[in-house]
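Examining the three-dimensional arrangement
Below are the chains, spelled out letter by letter.
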Amino acid sequence: MSWSDLGGWWLEEIAGDPAYETVVTPLLLEILAPESSGVYLDLGCGEGRVMRAVIESGSRVIGLDLNHHLARLTTPSLVGRLPTIPIADSMVDGAYAVLVLEHLADIDELFAETARVVRSGGVMAVVMNHPMWTAPGSMPVTDGEGEPLWRPGAYMDPGSSAVDAADSQVVFHHRSLADLLTLAAGAGWALEHMIERTHQDTVEVPEVPRLLGCRWRLLP
Ligand SMILES: C[S@@+](CC[C@H](N)C(=O)[O-])C[C@H]1O[C@@H](n2cnc3c(N)ncnc32)[C@H](O)[C@@H]1O
């Protein structure tokens with residue numbers, strides 16, 4: 001079982017999660033700063049919640065998701081499996097992905113594919129679980145006096161971990177911040193803006209970043 005079977009589980013997850021309205025979608029809008037005349041790709045669009053918010057800002061958006069049950073809930077959308085993006089070169093002004101990069105094993109190829117389909121000077125934006133959070137073994141611990149602290153786990157090394165979802169598991173791939181930015185740079189993406197955001201509903205240690213937002217611009 002994989003994301004192609006987890007559409008029902010994901011719909012239940014986001015239906016009950018107020019963080020989409022209060023944290024996730026605002027972070028994407030802030031980091032993407034969509035242009036009203038722009039055409040964007042939403043990579044791993046799910047049922048389209050974020051996509052609708054970007055469209056409301058005046059942009060045009062095409063969704064892409066491997067789960068055809070989710071993809072058909074929003075329009076226009078394509079069914080396809082990242083890192084491959086089934087559109088022609090330089091077709092869009094930008095691409096973005098929300099809570100998707102950490103589920104992809106090959107983001108090297110994703111950065112290359114987005115650099116192919118986005119026009120020169122266009123943008124790529126991501127909102128993702130912060131690498132501090134995805135490192136295998138990272139978790140809150142308490143010291144002898146009950147103060148919550150953060151255990152970094154295997155932060156420095158690429159790795160993966162799985163969490164239970166429905167009758168299956170969702171895999172989170174971990175890369176350090178340095179690895180993530182170096183991979184993007186290797187495909188021609190210049191970092192323009194980065195935001196690290198805490199989210200105190202889910203991280204007991206106030207200074208540990210929960211979400212990461214990045215915007216890159218494609219070098220000519
Ligand atoms: C955590 S959900 C996020 C959905 C959406 N971006 C949102 O924020 O509401 C991850 C999404 O990525 C999609 N996905 C996972 N791996 C994918 C792949 N290799 N190609 C395309 N979509 C994928 C899943 O089907 C799912 O819709």
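See the structure shown above.
It should be emphasised that the depicted structure is a prediction, and the values quoted were computed from it without experimental measurement. In this convention, every chain numbers its residues from 1, walking through the sequence in written order. Only residues with pLDDT of at least 70 are given local features in this predicted model, and only at 80 or more are side-chain atom pairs given and counted; all residues enter the totals for whole chains, interfaces and linings.

**Overview of the site of the ligand**
Surveying the vicinity of the ligand reveals 19 residues, the closest of which are Gly44, Gly46, Leu66, Leu82 and Val98. Of all the secondary structure elements, the ones that give two or more residues to the shell around the ligand are α1 (7–15) and α3 (49–56). Considered class by class, the residues forming the shell around the ligand number 12 nonpolar, four polar and three charged. Using a C-beta atom placed from the backbone, a residue is scored as near a molecule or strand whenever that atom is within 6 Å of it. Numbering goes from the N terminus for both helices and strands, where a helix is a DSSP run of H or I of at least four residues and a strand is a run of E of at least two. Three classes are used: nonpolar for Ala, Val, Leu, Ile, Met, Phe, Trp, Tyr, Cys and Pro, charged for Asp, Glu, Lys and Arg, and polar for all others, with Gly counted as polar.

**Points about the sheet that holds strand β4 (residues 92–98)**
The sheet built from seven strands is open, its strands ordered β3-β2-β1-β4-β5-β11-β10 with mixed pairing. Of all strands in the sheet, those bounded by a partner on one side alone are β3 (77–79) and β10 (189–197). The sheet shows a mean angle of 15° between the axes of neighbouring strands, taken without regard to direction. Pairing analysis gives three bridges linking strand β2 (residues 60–65) to β3, with the strands arranged parallel. Following the sheet pairing, Gly63 is matched in β3 by Ser77. In short, DSSP must find at least two bridges between two strands for them to pair. All axes are obtained by fitting lines to C-alpha atoms, using only the stretch in contact for helices, and the reported angles, taken between N-to-C directions, cover 0 to 180 degrees.

**Details of the pairing of strand β5 (residues 118–129)**
Across six bridges, the pairing between β4 and β5 is parallel. Bridging from a neighbouring strand, Val98 pairs with Val127 of β5. In this view, the connection linking β4 to its parallel neighbour β5 by way of helix α5 (residues 107–117) has right-handed handedness. When the strands point away from the viewer and the path from the first strand over the helix to the second turns clockwise, the crossover is right-handed.

**Let's talk about the nonpolar core**
The nonpolar core is taken to be a set of buried Ala, Val, Leu, Ile, Met, Phe, Trp, Tyr and Cys residues joined by way of C-beta atoms within 7 Å. Exposure criterion: with C-beta atoms placed from backbone coordinates, a residue whose C-beta has 20 or more other C-beta atoms within 10 Å is buried, one with 12 or fewer is exposed, and one in between is partly exposed. Residues Leu28, Tyr96, Ala125 and Val127 are the most contacted members of the largest nonpolar core, which totals 49 residues. Two residues qualify as being in contact provided that their C-beta atoms, derived from the backbone, are within 7 Å of each other. Apart from residues lying up to four places away in sequence, Leu28 is in contact with Val50, Tyr96, Val98, Ala125 and Val127.

**Regarding unusual backbone geometry**
Cis geometry is adopted by the peptide bond preceding Pro76, which originates at Thr75 and carries an omega value of -5°. The omega torsion of the bond from Leu82 to Pro83 falls at 15°, within 30 degrees of zero and hence cis. Residue placement: Pro83 occurs in the loop between β3 and β4. Positive phi values are uncommon outside glycine, yet Ala33 reaches one of about 45°. Summarising the element assignment, Ala33 is placed in the loop between α2 (19–32) and β1 (39–43). The backbone phi angle of Leu99 is positive, close to 55°, even though this residue is not glycine. Mapped onto the elements of the fold, Leu99 is located in the loop between β4 and α5.

**Considerations on the packing of α2 against α3**
At a closest axis distance of 10 Å, the pairing of α2 and α3 adopts a crossing angle of 55°. It follows that α2 is oblique to α3 by the angle criterion. As for the relative orientation of α2 and α3, their crossing is right-handed in sense. Mapping the contact onto sequence places Tyr20, Thr25, Leu28 and Leu29 in α2 and Arg49, Val50 and Ala53 in α3. Here the contact of α2 with α3 is composed, by residue class, of five nonpolar, one polar and one charged. Orientation categories follow fixed angle ranges, with anything under 35 degrees roughly parallel, anything over 145 roughly antiparallel, 65 to 115 roughly perpendicular, and all other angles oblique. Note: crossing handedness is left-handed where the near helix turns anticlockwise from the far helix by less than a right angle, and right-handed where it turns clockwise.

**Things to note about α3**
If you check which residues of α3 are buried, you get Val50, Met51 and Val54. Seen along its axis, α3 keeps its buried residues to an arc of 100°; they face one direction. Positive phi shows up at Gly58, right after α3, with a value of about 105°. The reported arc concerns the directions from the helix axis to the C-beta atoms and nothing else.

**Description of the environment of Glu113**
Looking at the element boundaries, Glu113 is found in helix α5. Looking at Glu113, the number of C-beta atoms within 10 Å reads 20, which means it is buried. Taking the C-alpha atoms as reference points, Glu113 and Val39, separated by 74 residues in sequence, lie 17 Å from one another. Excluding residues within four positions of it along the chain, Glu113 makes contact with Pro83, Thr84 and Ile85.

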